[in-house]
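Residue-level structure breakdown
If you want the building blocks of each chain, they are given just below.
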Amino acid sequence: MKKWQDDEYCLFINGGEGSDLWAVLADWTQSEDEEEWKRHIPRFARLIRCWQPLGFSKVFRSDSPPAYYTGEEVTGQALAELLADPRSWEYSEHPTQWVCVASGDREISELEEGMCAGEQ
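All of the points below concern the structure found in this document. Because the structure is a prediction, the values reported are computed rather than measured. (Residues numbered from 1 in each chain as written. Predicted model: local features only at pLDDT ≥ 70, side-chain atom pairs only at ≥ 80, totals over all residues. Heavy atoms only, no water.)

Overview of the pairing of strand β1 (residues 57–62)
Within β1, 5 of the 6 residues are buried, which leaves it mostly tucked inside the rest of the structure. Looking at chain direction, β1 and strand β3 (residues 98–103) are connected through 6 bridges and run antiparallel. Along β3, the bridge assignment pairs Lys58 with Ala102. The pairing of β1 with strand β2 (residues 72–73) spans 2 bridges and is antiparallel. In the sheet register, Phe60 faces β2, and the bridge partner there is Glu73. (Buried < 20%, exposed > 50% of the residue type's maximum accessible area, 1.4 Å probe, protein only. Helix = DSSP H or I, 4+ residues; strand = E, 2+ residues; numbered from the N terminus. Pairing = 2+ DSSP bridges.)

Regarding the environment of Phe44
Looking at where Phe44 falls in the secondary structure, it is placed in helix α4 (residues 41–54). Phe44 gets classed as buried once you look at its relative accessible area, which sits at 0%. Put simply, Phe44 and Leu21 are 23 residues apart on the chain and 9.0 Å apart in space, counted from C-alpha to C-alpha. When neighbours within four sequence positions are excluded, Phe44 is seen to be in contact with Asp7, Cys10, Leu11, Val24, Leu25, Trp28 and Trp89. (Contact = heavy atoms within 4.5 Å.)

The analysis is restricted to geometry; functional conclusions fall outside its scope.
Right under this line is the structure:
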């Protein structure tokens with residue numbers, strides 16, 4: 001098993017909790033400063049883009065919470081577009097859409113060095 005990077009561990013824990021995307025950023029920064037969160041969107045979008053097709057994580061979108069239970073899984077080009085849209089990562093007091101990351105079907109212990117090397 002590979003040695004975990006801090007951002008990978010954060011994504012793994014949040015995926016296990018079915019966290020909203022904004023919550024991943026809040027946990028990573030340990031801050032309520034949404035401007036600070038925005039700086040880290042590329043980091044987590046890259047990880048999710050790598051992990052999702054490998055089966056380590058899933059992303060769900062729904063009109064009601066919890067998205068991982070009530071929503072549809074987002075994959076392929078739709079996932080790329082969703083992760084590229086800063087609105088997908090924003091906190092809202094009255095959301096009309098929920099987007100969350102969840103654990104995939106593959107055990108995270110299978111994650112190996114170099115699996116995400118091509119992701120920029």
